[in-house]
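# Topology and contacts: notes
Residue strings, one per chain:
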Amino acid sequence: MSMLTPPGMGGQYRITGDKYPRMRRSRRRRIVLAVIASAAGVGLVGYGVLQLVDVFSGDQKRTVAAGRPDCKPTPSPSVSAAPLPKPGQITVNVLNATPRSGLAKQTADELKKRGFAIGEVGNATKEYDKKVDGAGLLLGAKATSDNGFRVLGTQLAGAQRKTDDRKGKELDLIIGKDFKALTKKEDAVKALTALAEPSPTPSEGRGKC
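Under the annotation held in an unreviewed UniProt entry, the protein chain carries the name LytR family transcriptional regulator and is attributed to Streptomyces boluensis.

See below:
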């Protein structure tokens, strides 16, 4: 027995000369170590990506906070591309669809004082006579811009709107069953001012990249 052979070991484990047993790692252990190494590598890559995202997002936030956004603001389009007509550019036919007499003339006179051009004044046609609910009805051509309705609508709160096949640009104000009076002049002026100077939309000032 060689002096290098530990006591009690013999047979295939006997060490003689420069020979010695080699212990091999099991295949399962190598697989487990490979999986652990792969998981660690993926974790490190993910952590690095998160750090890069945080750095760039932080820089963007600081830039915006400093009042230096990367994108130039673009104004939002106005509510209507066509300019609002002035009251004097709108011809109004005032028609009474109620059994109360004198309402058409009184209303037409007041609208004239407020700057509107007055056309026909009289009773409503059979199609609408005593058939208009609410304060009144604004009637105009389909091809006419909606801006005329908006301007005239400031003079009679709650008036309904409807279009027909007429060719002209004049508008009808048909007095309805619940009509009491036109909107107070000062309130109508405020409403016209608000139409002429609409408030900016929430999207105004946001830029496009």
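Moving on to the pattern of salt bridges. This model, assessed by the stated rule, comprises eight salt bridges. The closest approach of N and O atoms between Lys105 and Asp109, which form a salt bridge, is 3.0 Å. Highlighted residues: Lys105 and Asp109, both in helix H2 (residues 103-113), separated by four residues, approximately one helical turn. Among the charged side chains, a salt-bridge network with shared partners connects Asp164, Arg166 and Asp172.

For the rest of this paragraph, the subject is the sheet that holds strand S3 (residues 136-141). The pairing of strands in a sheet happens through backbone hydrogen bonds and is either parallel or antiparallel. What the five strands build is an open sheet, ordered S2-S1-S5-S3-S4; its pairing is mixed. Bordering the open sheet on either side are strand S2 (117-123) and strand S4 (160-164), each of which pairs with just one other strand. Between one strand axis and the next, the sheet turns through 20 degrees on average, direction left out of account. Where strand S1 (residues 91-96) and strand S5 (residues 171-175) come together, five bridges link them in parallel fashion.

Relative to the assigned elements, Thr183 resides in the loop between S5 and helix H4 (185-196). Thr183 gets classed as buried once you look at its relative accessible area, which sits at 17%. A distance of 3.1 Å separates a polar side-chain atom of Thr183 from the backbone nitrogen of Ala157. Residues within four places of Thr183 in sequence aside, it is in contact with Arg114, Thr154, Gln155, Leu156, Ala157 and Ala188.

This part takes up the layout of surface pockets. Empty space within the largest pocket amounts to approximately 240 Å³. Pro85, Thr144, Ser145, Gly148 and Lys169 are the residues nearest the centre of the largest pocket, which is lined by 13 residues in total. Its residues placed into classes, the lining of the largest pocket shows five nonpolar, six polar and two charged.

Turning our attention to the environment of Glu110. Within the secondary structure layout, Glu110 lies in helix H2. Distance from Glu110 to Lys185, taken between C-alpha atoms, is 9.4 Å for residues 75 residues apart in sequence.

For the rest of this paragraph, the subject is the pairing of S5. S5 sits mainly inside the fold: five of its five residues count as buried. Neither face of S5 is left uncovered, since the one carrying Leu171, Leu173 and Ile175 and the one carrying Asp172 and Ile174 both have all their residues buried. Of the strand pairs in this sheet, S3 and S5 are connected by four bridges, and their pairing is antiparallel. In the sheet register, Gly136 faces S5, and the bridge partner there is Ile175.

Bringing the nonpolar core into the picture now. With 20 residues, the main nonpolar core has Val92, Val94, Leu111, Phe116, Leu152, Leu156 and Leu173 as its most contacted residues. Among the secondary structure elements, those contributing two or more residues to this core are S1, H2, helix H3 (146-153) and S5. The dominant element in this core, judged by the number of residues it contributes, is H2, at four residues. Beyond its immediate stretch of four places on either side in the chain, Leu152 contacts Val92, Phe116, Leu138, Leu171 and Leu173. Core analysis: the second largest hydrophobic core is formed by eight residues, Leu95, Ala97, Tyr128 and Leu137 among them.

Right, let's talk about H3 for a bit. Burial analysis of H3 places seven of its eight residues in the buried class, the great majority of the element. Listing the buried residues of H3 in full gives Asn147, Gly148, Phe149, Arg150, Val151, Leu152 and Gly153. The inward-facing, buried residues of H3 abut S1, S3, S4, S5 and H4.

A few words now on unusual backbone geometry. Notably, Lys130 is not glycine yet its phi reads approximately 60 degrees, a positive angle. By secondary structure assignment, the location of Lys130 is in the loop between S2 and S3. Lys130 gets classed as partly exposed once you look at its relative accessible area, which sits at 47%.

Let us look at the side chain of Asn96. Structurally, the position occupied by Asn96 is in strand S1. Ignoring anything within four residues of it in the chain, the contact list for Asn96 reads Ser101, Leu103, Ala104, Gly122, Asn123, Ala124, Asp129 and Ile175.

The rules behind each value
Residues numbered from 1 in each chain as written. Predicted model: local features only at pLDDT ≥ 70, side-chain atom pairs only at ≥ 80, totals over all residues. Heavy atoms only, no water. Salt bridge = Lys/Arg side-chain N within 4 Å of Asp/Glu carboxyl O. Helix = DSSP H or I, 4+ residues; strand = E, 2+ residues; numbered from the N terminus. Pairing = 2+ DSSP bridges. Axes fitted to C-alpha atoms, helices over the stretch in contact; angles between N-to-C directions. Buried < 20%, exposed > 50% of the residue type's maximum accessible area, 1.4 Å probe, protein only. Polar contact = N/O pair within 3.5 Å; in protein donor to acceptor, adjacent residues only side chain to side chain. Contact = heavy atoms within 4.5 Å. 1 Å grid on protein atoms, 1.4 Å probe; cavity = no way out; pocket = protein on both sides within 12 Å on 5 of 7 lines; lining within 4 Å. Points joined across faces, edges and corners; volume = space filled by probe spheres on them. Nonpolar A, V, L, I, M, F, W, Y, C, P; charged D, E, K, R; others polar. Core = buried A, V, L, I, M, F, W, Y, C linked by side-chain atoms within 4.5 Å.

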